[in-house]
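Overview (structure and organization)
Each chain, written out:
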Amino acid sequence: MSYQNLTLLTDLYELTMMQGYYKNKSRNDTVIFDMFYRTNPLDNGYAIAAGLEQMIDYIKNLHFSEDDISYLGSLNIFEEDFLDYLRHFRFSGDIYSIPEGTVIFPREPLVKVIAPIMEAQLVETAILNIINHQSLIATKTARVVLAARGDGIMEFGLRRAQGPDAGVYGARAAMIGGCIGTSNVLAGQLFDVPIKGTHAHSWIMSFPDEYTAFKAYADLYPSACILLIDTYDTLKSGLPNAIRVFTEMREAGIPMPFYGIRMDSGDLAYLSKKVRKALDEAGFPDAVISASNDLDEFLIDSLKAQGATITSWGVGTNLITSKDWPAFGGVYKLAAVMGEDGKFIPKIKLSENTEKVTNPGNKKIYRVYEKDSHKVKADLICLEEEIFDENESLLLFDPAEPWKKTRLQPGSYTLRELMIPVFQHGDCVYESPKVMEIREYCKQELDTLWEETRRLINPHNIYVDLSKKLYDMKIELLDRMSAE
């Protein structure tokens, strides 16, 4: 999309806090903020990280224009010296992130920001907005793709998305999550992803009869001829007319590399079986049967279980809006403040709700794989300075129930550090892959999950463990604060 200055895409309190730090310059310490989420969306066993490329664009273009300064001045809550500081603002910190397309789990940092607190505070809202949205849609898509059991999923949701940005970036996230194409032409142009589509019922209704409409469409697009057959009567009218057109094309020697029918209504299980039988009997066993009509992962899974012969699925509203789980729930919390000696002092947030107690300190994440299967065994959050050796045993334990322990023997596991540097001293040091490359990487990531973790209902949860050193630090902070 054309460049848009998103610097004011923030909550007011980020700016009022910035002014407070500016007025108390001794409080503008370098800090660490972690962006993470607490619960897998959609009652899923995992989520998929997405949105990093847009976050990078946002940080690169972060600046206050004169129009921005003028607007903020008109609010009469910001002083002139602070507004003058904003005129020269640029992000100068470091950002680390889990790459897009990576399978992720609750409570582990997806993005880590290390910067003066004024800068780290300003970027909070936009980072959450971008990462939350795309990670949600990518996760929803992965579920839909799983339900289709190898059939192609097309993203058809633009007209139902919550505005242009949600439609465009939702389509991008859907491609990362596993769609084979999108109906969104602008997304195709921006992200170099396949665009797909057929025709509407209005095309057929605008012609004197259904056959004439099908014939005209086939003449225009013989190499990609998908005919919508449910405008009048799927089995009595649409299907016979489609077979008539396909037969005429074959008899005329017209190549048909990709052809078939689409249904957008009715009992899709029953109708698809009837359609498949008729197409096969007419000599068109390779004809595609595609379907749309308010599909989601549960309906697709049910249709597959009923023996539906659909081979291609167009999924719109329920995917692009993640209708049954509309928010990802990512949060952004302070984890450490740099002390006078240049070392980070860990910080922890307490809460009456146990799940809202944060993990303190400067952290990194290791993914632990079973060596033989290369399936994910657990994720291990540890302190930045910690190093683990695959040739030594590794103790894993549940931080919520620390008596539950597993010791992995040397040589039985492999480790991979998840977070990568994205910005260093304000300069971008990472180049985002193309969307279709991220899609392929995401597919490989999903293959590292056990089937039990990927199932749609009541999935097995992957453990996210803390290192002994980080766990002890957290308990010490909790004990200290509860004693005060």
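The structure reproduced in this document is the subject of the present report. (Residues numbered from 1 in each chain as written. Predicted model: local features only at pLDDT ≥ 70, side-chain atom pairs only at ≥ 80, totals over all residues. Heavy atoms only, no water.)

**Topic: unusual backbone geometry**
Although it is not a glycine, R149 adopts a positive phi angle of roughly 55°. Looking at where R149 falls in the secondary structure, it is placed in the loop between helix 6 (124-148) and strand 6 (152-155). The partly exposed category is assigned to R149, whose relative accessible area is 49%. (Helix = DSSP H or I, 4+ residues; strand = E, 2+ residues; numbered from the N terminus. Buried < 20%, exposed > 50% of the residue type's maximum accessible area, 1.4 Å probe, protein only.)

**Digging into the sheet that holds strand 7 (residues 181-182)**
The strand order across the open sheet built from 6 strands is 7-6-11-10-9-8, with neighbouring strands paired in parallel fashion. Each having just a single partner strand, strand 7 and strand 8 (225-228) make up the two edges of the open sheet. Sheet topology places strand 6 next to strand 7; 2 bridges connect them, and they run parallel. The residue of strand 7 that forms the bridge with E155 is T182. (Pairing = 2+ DSSP bridges.)

**Some words on the layout of surface pockets**
By volume, the largest pocket is sized at about 920 Å³. Lining the largest pocket are 32 residues, with F156, R159, S183, T198 and R262 positioned closest to its centre. Counting residues per element, the ones that place at least two in the lining of the largest pocket are strand 8, strand 10 (288-291) and strand 11 (312-315). Per-element accounting of the lining of the largest pocket gives the leading share, 3 residues, to strand 11. For the lining of the largest pocket, the per-class residue count stands at 14 nonpolar, 12 polar and 6 charged. (1 Å grid on protein atoms, 1.4 Å probe; cavity = no way out; pocket = protein on both sides within 12 Å on 5 of 7 lines; lining within 4 Å. Points joined across faces, edges and corners; volume = space filled by probe spheres on them. Nonpolar A, V, L, I, M, F, W, Y, C, P; charged D, E, K, R; others polar.)

**Quick word on the environment of T16**
With respect to the helices and strands, T16 occurs in helix 1 (residues 12-23). Along the chain, T16 and D398 lie 382 residues apart, while their C-alpha atoms are 39 Å from each other. Excluding residues that lie within four positions of it along the chain, T16 makes contacts with I77 and F78. (Contact = heavy atoms within 4.5 Å.)

**Considerations on helix 11 (residues 234-251)**
Counted at 1.5 Å a residue, the expected span for helix 11 with its 18 residues is 26 Å, and the 24 Å between its end C-alpha atoms agrees. Where helix 11 is concerned, the buried positions are T234, S237, G238, L239, N241, A242, I243, V245, F246, T247 and M249. Buried residues in helix 11 make contact with helix 10 (210-220), strand 8, strand 9 (259-263) and helix 12 (268-281). The opening residue of helix 11 is D233, an N-cap whose side-chain oxygen sits 3.3 Å from the backbone nitrogen of L235. Trailing helix 11 by a residue or two, G253 shows a phi angle of about 75°, which is positive. (Expected span 1.5 Å × (residues − 1). Polar contact = N/O pair within 3.5 Å; in protein donor to acceptor, adjacent residues only side chain to side chain.)

**Things to note about the sheet that holds strand 21 (residues 463-466)**
As summarised here, the arrangement of the 4 strands in space is 18-14-15-21, forming an open sheet in which the pairing is mixed. Among the strands making up the open sheet, the edge pair consists of strand 18 (413-417) and strand 21. Taken over all neighbouring pairs, the strand axes of this sheet differ in orientation by 25° on average, direction set aside. (Axes fitted to C-alpha atoms, helices over the stretch in contact; angles between N-to-C directions.)

**So, the packing of aromatic side chains**
The tally for this structure, following the rule as stated, stands at 18 aromatic pairs. For the ring pair Y37 and F328, a centre distance of 4.8 Å and an interplane angle of 50° mean the geometry is tilted. Taken together, the residues Y37 in strand 1 (residues 30-37) and F328 in the loop between helix 14 (317-320) and strand 12 (330-338) connect sequence positions 291 residues apart. Centre to centre, the rings of Y259 and F284 are 5.9 Å apart; their planes meet at 80°, and the pair counts as edge-to-face. A residue pair is termed long-range when its members are at least 10 positions apart, and Y259 in strand 9 and F284 in the loop between helix 12 and strand 10 qualify at 25 residues. With a relative accessible area of 1%, F284 lands in the buried category. Put simply, the rings of Y22, F64, F78, F82, Y85 and F89 touch in pairs and so form one group of aromatic residues. Over the ring of F191 we find R172, and its NZ or CZ is 5.7 Å from the ring centre. The positively charged end of R244 is found above the aromatic ring belonging to Y211, 3.5 Å away from the centroid. (Phe/Tyr/Trp six-rings, centres within 6.5 Å; stacked < 30°, edge-to-face > 60°. Lys NZ or Arg CZ within 6 Å of the ring centre and 35° of its normal.)

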